[in-house]
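So you can see what is in the structure, the chains are spelled out below.
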Amino acid sequence: MCGIIGYVGARPCKELVLSGLEHLEYRGYDSSGLVLVGEHGLDRARAVGPVKALRAVAGGVSETATAGMGHTRWATHGGVEERNAHPFLSEDGRFAVLMNGIFENYIDLRAQVTAKGHTLTSDTDTEALVHMIEEEYDGDIAETCRRIFPRLEGHFAFLAMAIDEPDRIVAARLAWPPLVVGRGEGENYIASFTPAFLEQTRMIQIVDESELVIVTADNVEFRAIADGSPREHEIERADDSIEVAAKGGYESFMLKEIHEQPTAIADTIAERFHHGELHLDGFGLSDDDLREINRVLIVGCGTALHSGLVGRYLIEEWGGVATEADVASEWRYRNGVFDPKTLVLAISQSGETADTLAAMQIAKERGARVVAVTNIMGSAIARAADGVLYTRAGLEIGVAASKTFTAQVTLMTLIALHLGAVRGHLSPEDVALIGGELRELPDLVQQLLDDKELDAQLDMLADRFCHDRFFLYLGRHLGLPICQEGALKLKEISYIPTDAYAAGEMKHGPIALLGEDTPVVAVATDSHVFEKMASNLEEVRARGAHVIAVATAGNTSIEAHAEHVLYVPRTRPELQPILAVIPLQLLAYKITGRLGLDVDRPRNLAKTVTVE
Ligand code: M6R
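Draft legend 1. A look at the overall build of the protein chain. Helix and strand counts for the protein chain stand at 18 helices and 27 strands. For 612 residues, the compact-globule estimate of 2.2 N^0.38 gives 25 Å, and the protein chain sits close to it at 25 Å. By the burial criterion, 63% of the 612 residues in the protein chain qualify as buried. Within the protein chain, counting contacts between residues at least 6 apart in sequence, those at least 24 apart form 71% of the total. If you sum the accessible surface of the protein chain, you get close to 22,200 Å²; carbon and sulfur atoms cover 48% of it. A gap of 2 Å separates the mean positions of the 56 positive and 91 negative side-chain charges of the protein chain.

Draft legend 2. Region of interest: the sheet that holds strand β13 (residues 220-224). Across the sheet, seven strands lie side by side as β5-β6-β7-β8-β12-β13-β14; this open sheet has antiparallel pairing. The strands lining the two open edges of the sheet, one partner per strand, are β5 (88-89) and β14 (230-231). Here five bridges tie strand β8 (residues 169-174) to strand β12 (residues 211-215), and the two strands are oriented antiparallel to one another. By the bridge assignment for β12, A171 is matched with V213. Its contacts with the sheet put helix α5 (residues 141-148) on β6 (95-103), β7 (154-162), β8, β12 and β13, and the angle it makes with β7 is roughly 155°.

Draft legend 3. Structural context of the site of the ligand. The ligand sits among 15 residues. The nearest are S348, Q349, S350, T353 and E492. Side-chain polar atom of S348 to an oxygen atom of the ligand: 2.6 Å apart, as the coordinates give it. A401 is positioned such that a nitrogen or oxygen atom in its backbone is 2.8 Å from an oxygen atom of the ligand. Taking 410 Å² as the accessible area of the ligand by itself, protein coverage stands at 91%. Elements with a contribution of two residues or more to the shell around the ligand: α9 (302-319) and α16 (479-494). For the shell around the ligand, the residue count by class is seven nonpolar, six polar and two charged.

Draft legend 4. Inspection of the side chain of T571 at higher detail. The topology assignment puts T571 in the loop between β27 (564-568) and α18 (576-594). Among residues more than four places away in sequence, those in contact with T571 are E437, L441, L444, Q576 and L579.

Draft legend 5. Focus on the packing of helix α7 (residues 261-269) against helix α13 (residues 403-422). α13 packs onto α7 with a crossing angle of 30° between their chain directions and a minimal axis gap of 9 Å. Put simply, α7 runs roughly parallel to α13. Every pair of crossing elements has a handedness; the one defined by α7 and α13 is right-handed. Of the residues in α13, those in contact with Q261, A264, I265, T268 and I269 of α7 are K403, T406, A407, T410, L411 and L414. Taken together, the residues that form the contact of α7 with α13 break down as six nonpolar, four polar and one charged.

Draft legend 6. Quick peek at the pairing of β12. Most of β12 sits out of view: five of its five residues are buried. Here β12 shows no split at all, with E211, V213 and V215 on one side and L212 and I214 on the other all buried. Relative to β13, β12 runs antiparallel, the two sharing five bridges. Within the sheet, the bridge partner assigned to V215 lies in β13 and is V220. As consecutive antiparallel partners, β12 and β13 are separated by four residues.

Draft legend 7. Representation of the packing of α9 against α13 in the model. Remark: α9 packs on α13, axes separated minimally by 8 Å, with the N-to-C direction vectors making an angle of 20°. It follows from the interaxial angle that α9 and α13 lie roughly parallel. The handedness of the crossing between α9 and α13 comes out as right-handed. Counted together, T303, A304, H306, S307, V310, G311, L314, I315, W318 and G319 of α9 and F405, Q408, V409, M412, T413, I415, A416, L417, L419 and G420 of α13 form the full contact between these two elements. Considering only residue class, the contact of α9 with α13 consists of 12 nonpolar, eight polar and no charged.

Draft legend 8. Inspection of the packing of aromatic side chains at higher detail. One pass over the structure, following the stated rule, counts seven aromatic pairs. Here F465 and F471 contribute two aromatic rings whose centre-to-centre distance is 6.4 Å and whose plane-to-plane angle is 75°, an arrangement assigned as edge-to-face. The same class applies to F465 and to F471, which are both buried. Here the aromatic cluster, defined as three or more aromatic residues joined through ring pairs, consists of F103, F149, F156 and F158. Stacked on the ring of Y313, the Lys or Arg R312 has its end atom at 5.0 Å from the ring centre. The ring of F273 has R439 lying over it, and the distance from NZ or CZ to the ring centre is 4.7 Å.

Parameters at a glance
- Residues numbered from 1 in each chain as written.
- Predicted model: local features only at pLDDT ≥ 70, side-chain atom pairs only at ≥ 80, totals over all residues.
- Heavy atoms only, no water.
- Helix = DSSP H or I, 4+ residues; strand = E, 2+ residues; numbered from the N terminus.
- Rg over C-alpha atoms; globule rule 2.2 N^0.38 Å.
- Buried < 20%, exposed > 50% of the residue type's maximum accessible area, 1.4 Å probe, protein only.
- Contact = heavy atoms within 4.5 Å.
- Areas by Shrake-Rupley, 256 points an atom, 1.4 Å probe, with all protein chains shown as cover.
- Lys, Arg positive; Asp, Glu negative; His and termini not counted.
- Charge placed at Lys NZ, Arg CZ, Asp CG, Glu CD.
- Pairing = 2+ DSSP bridges.
- Axes fitted to C-alpha atoms, helices over the stretch in contact; angles between N-to-C directions.
- Near = heavy atom within 4 Å.
- Polar contact = N/O pair within 3.5 Å; in protein donor to acceptor, adjacent residues only side chain to side chain.
- Nonpolar A, V, L, I, M, F, W, Y, C, P; charged D, E, K, R; others polar.
- Parallel < 35°, antiparallel > 145°, perpendicular 65-115°, else oblique.
- Left-handed = near helix turned anticlockwise from the far one by under 90°.
- Phe/Tyr/Trp six-rings, centres within 6.5 Å; stacked < 30°, edge-to-face > 60°.
- Lys NZ or Arg CZ within 6 Å of the ring centre and 35° of its normal.

Structural data, given as structure tokens:
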């Protein structure tokens, strides 16, 4: 989950590398570093903290270098210290290496290079590689790396340079950490993700697994790691615009992305309905296969899992098939029992989450049919699945997911409708009716985002409760995963402890947490469990806690059970989750703002979690 960029061309490249790192910073920001080919050797700068800290120390590094590479780190092996920041240099200073991912056999690798007399300066897995290169270099950095590659275990993407070959960067990857080449005029880039160079070029080539790439100013050569044979890759045009990587007038990426939800939902639905008929292509399974499915298993992590939990209710309701949802990191170590009639839906906005990828691979090995639900085309999860259904939320940079959540819930809704239609649980008329209401959601979300009264209410709540030490979230049925998502949003950006509970479970334990002033956030939108929720809220109020309820516009009966009511527009209960989550996102956002914290870069978190 680190960010990588490399450049070889004719222009002075320090600024290109630094600005590329800034675009990748959301992937990890514990520390960063760069190395450039200077007049007297490899010139390196590293700093703990965000890229602006690197800028502050990079003044002494070559202004004229036309080749170099940079790295922004999310610590795995070794603490957040400058000596653990990438790139790493060999002792003779002739070689440099940086890496995203993990060498799982790093203990052996470190022992091997130490046994050969090298002194390790960091606690990382990566540093061993630069010493191996120094040890084995034979005048050709590409072939040296190719020879060493089979001894590296794990999942990684690395870049390497040698001062004796100052006009080239060599890169290689194994498993899911991505690499993409950017093709320019007389210059080329290699990075973990396109925003790193999108301001310079949109022409890209995706690097495959177990491939070696040699990047020079005028050429990019791909070779198979196994035998060094040449590989060909088409040059494609990247769709992402660099504008999405900028805040576009909002004070943070998260706020911008919250406001992009109407578009994310609309784009995820777009073109999937024709004249009221749903066409959900990408399953990789025929309608006959889908009719045969006797069980659905949904796996994901964090926010992605919460969207899966919404999907579970909808698939059971409309698809008429037994459905469960589980944390990918737990499920992968269970001895899950299933057969080819099990459909596994692996949800991951980044498409890179290690636990989700591992869970889907295990499911495939055991014979299940696996469909990926992701926001990133060509991501590891997309490539590993039998079929892929894309959310179309656009690039999300804020570490706390917002628009990708509502896009995922939208897609889960479409999947449930599709299964219902194909399996005969829903009539074409039902699908057309629900589809019509689904297509109204972007407008209803926009209405919520434009609601000045709601905004003022949220400001008031943020002012009043921002210094509270604990928030309890309560919900039932479809309201429960929305509470879980709301609670995750608040805790991950404001660091205020939260718990999300099934309201019916409250009296089996969490009720003990309630004090006179505890804020309790409840999702109590209209549904068959509304009355039950209302009773649970009475139990909360009897303990003196403050109830903040999200409810359906027009149902004022909730006001008898809550001190504060955040109304969301009316739609059918199955579609309410997409509306109910919006005030919870905004509440978390506003509370965090009051606390003066950086919403886009919460401590200890990374946008993509490519480690277990
Ligand atoms: O990329 P993924 O959807 O697989 O990521 C899963 C989680 O890491 C992610 O949702 C995380 O919980 C976010 N910080 C939530 O805001």
